[in-house]
Amino acid sequence: MGTSSSPKIPSYRTTLFFGPEVHETNPDLVYCVFNVKKRSWKGGIQLVVEIEQPHASRCKRILRLEAWLGSILRHLPQEDYDEYFQRGQDLFLQYLCQEKLQLAIEGGLRQETTLLSHDVLSQELEDAIRQNGHALKATLLAELDIPPVEESKAQ
C-alpha cells in the first residue's frame, strides 16, 4: 500500500488588495496594498508595500523589460499595443511589490507590520529580480494572455 503526502500548505496567504498606486504626497513612490494572513494568526493584516520609481526603473533596466515587452507586443495594432504595454508596466510594479513582500515574509514578517517602506530590502529585491527574471517575464505573458516566446526572439 503506497502512502501519499498531502501538498504543503503555505504558512502565509497573500492577496493583492489594490495597486499599483502613486503616493498622494510623493509622486516618486508607488505602492500596492496586500491582505496577508499567517495560519497561526487570529486575523490578517493589510500591508502597504512601497517602491520608489527610480528603483522600479533600475529593476526594469536589469531585465531590459521595456525593450523585451515592446518586442513581444510589436505585432499588435497601436491602440492595443499601448493598452498592453501599460498593463505590462502595472503588472511589473505589482510583481515588484509582491516580491518585496515575499522577501519580508522570508525574513520573519510580524503581524504588527503595516508598511514595507521604500527604503527597506532594496538590494535584496534587485537580487531577486536578477535571479527570477525569466519567471517574471513568463508571469507577465500569462497575465497578458500572450503565448510564451523564446527569450532570443524577444530581445
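Student: Looking at this structure, how should I read the overall build of the chain?
Tutor: A count of helices and strands for the chain gives four helices and four strands. In the chain, buried positions account for 39% of the 155 residues. Long-range pairs, those at least 24 residues apart, make up 60% of the contacts in the chain with a sequence separation of at least 6. For the chain, the computed accessible surface area is about 9,600 Å², with 49% contributed by carbon and sulfur atoms.

Student: Before we go on, may I ask you to explain the pattern of salt bridges in this structure?
Tutor: Proximity of charged atoms lets side chains of opposite charge pair with each other. Applying the stated rule across the entire model yields five salt bridges. The partner of Glu66 in a salt bridge is Lys60, and the shortest N-O contact between them spans 3.7 Å. Exposure remark for Lys60: the relative accessible area of 15% places this residue in the buried category. Between Glu112 and Arg110 there is a salt bridge whose closest N-O contact spans 3.1 Å. Take Glu112: its relative accessible area is 55%, and that puts it in the exposed class. When salt bridges that share partners are traced, they join Arg58, Glu126, Asp127 and Arg130 into one network.

Student: Help me understand the packing of helix α1 (residues 53–63) against helix α4 (residues 122–143), please; the structure alone is not making it clear to me.
Tutor: Their axes nearest at 10 Å, the elements α1 and α4 cross at an angle of 40 degrees. Here α1 lies oblique to α4, going by the angle between them. As α1 packs across α4, the resulting crossing turns out to be right-handed. Of α4, the residues touching α1 (which contributes His55, Arg58, Cys59, Ile62 and Leu63) are Ser122, Leu125, Glu126, Ile129, Arg130, Gly133, Leu136 and Lys137.

Student: What is the right way to read helix α3 (residues 78–106) from this model?
Tutor: Between its first and last C-alpha atoms α3 spans 41 Å; for 29 residues at 1.5 Å apiece the expected length is 42 Å, and the two agree. Directly beyond the C-terminal end of α3, a positive phi value near 100 degrees is found at Gly108.

Student: Just to check I follow, could you spell out the nonpolar core for this structure?
Tutor: Across soluble globular proteins, nonpolar side chains show a tendency to be buried alongside one another. Ranked by size, the top nonpolar core spans 38 residues in total, and within it Val36, Leu47, Leu96, Leu101 and Leu109 carry the most contacts. If you list the elements that add at least two residues to this core, you get β2 (29–38), β3 (45–52), α1, α2 (65–73), α3 and α4. Ranked by residues supplied to this core, first place goes to α3 with eleven residues. Leu96 has contacts with Ile51, Ala56, Cys59, Leu125 and Ile129, leaving out every residue within four places of it along the chain.

Student: What is the right way to look at the sheet that holds β3 in this model?
Tutor: Within a sheet, neighbouring strands are paired by backbone hydrogen bonds and run either parallel or antiparallel to one another. The strand order β1-β2-β3-β4 describes an open sheet built from four strands, whose pairing is mixed. The open sheet is flanked by β1 (12–22) and β4 (115–116), the only strands paired with a single partner. Bridge analysis of β3 against β4 gives two bridges, and the strand direction is parallel. When the sheet's bridge partners are listed, Val48 is paired in β4 with Leu115. Set on the sheet, α1 makes contact with β2 and β3; between it and β3 the angle comes to about 75 degrees.

Rules used in this analysis
Residues numbered from 1 in each chain as written. Predicted model: local features only at pLDDT ≥ 70, side-chain atom pairs only at ≥ 80, totals over all residues. Heavy atoms only, no water. Helix = DSSP H or I, 4+ residues; strand = E, 2+ residues; numbered from the N terminus. Buried < 20%, exposed > 50% of the residue type's maximum accessible area, 1.4 Å probe, protein only. Contact = heavy atoms within 4.5 Å. Areas by Shrake-Rupley, 256 points an atom, 1.4 Å probe, with all protein chains shown as cover. Salt bridge = Lys/Arg side-chain N within 4 Å of Asp/Glu carboxyl O. Axes fitted to C-alpha atoms, helices over the stretch in contact; angles between N-to-C directions. Parallel < 35°, antiparallel > 145°, perpendicular 65-115°, else oblique. Left-handed = near helix turned anticlockwise from the far one by under 90°. Expected span 1.5 Å × (residues − 1). Core = buried A, V, L, I, M, F, W, Y, C linked by side-chain atoms within 4.5 Å. Pairing = 2+ DSSP bridges.

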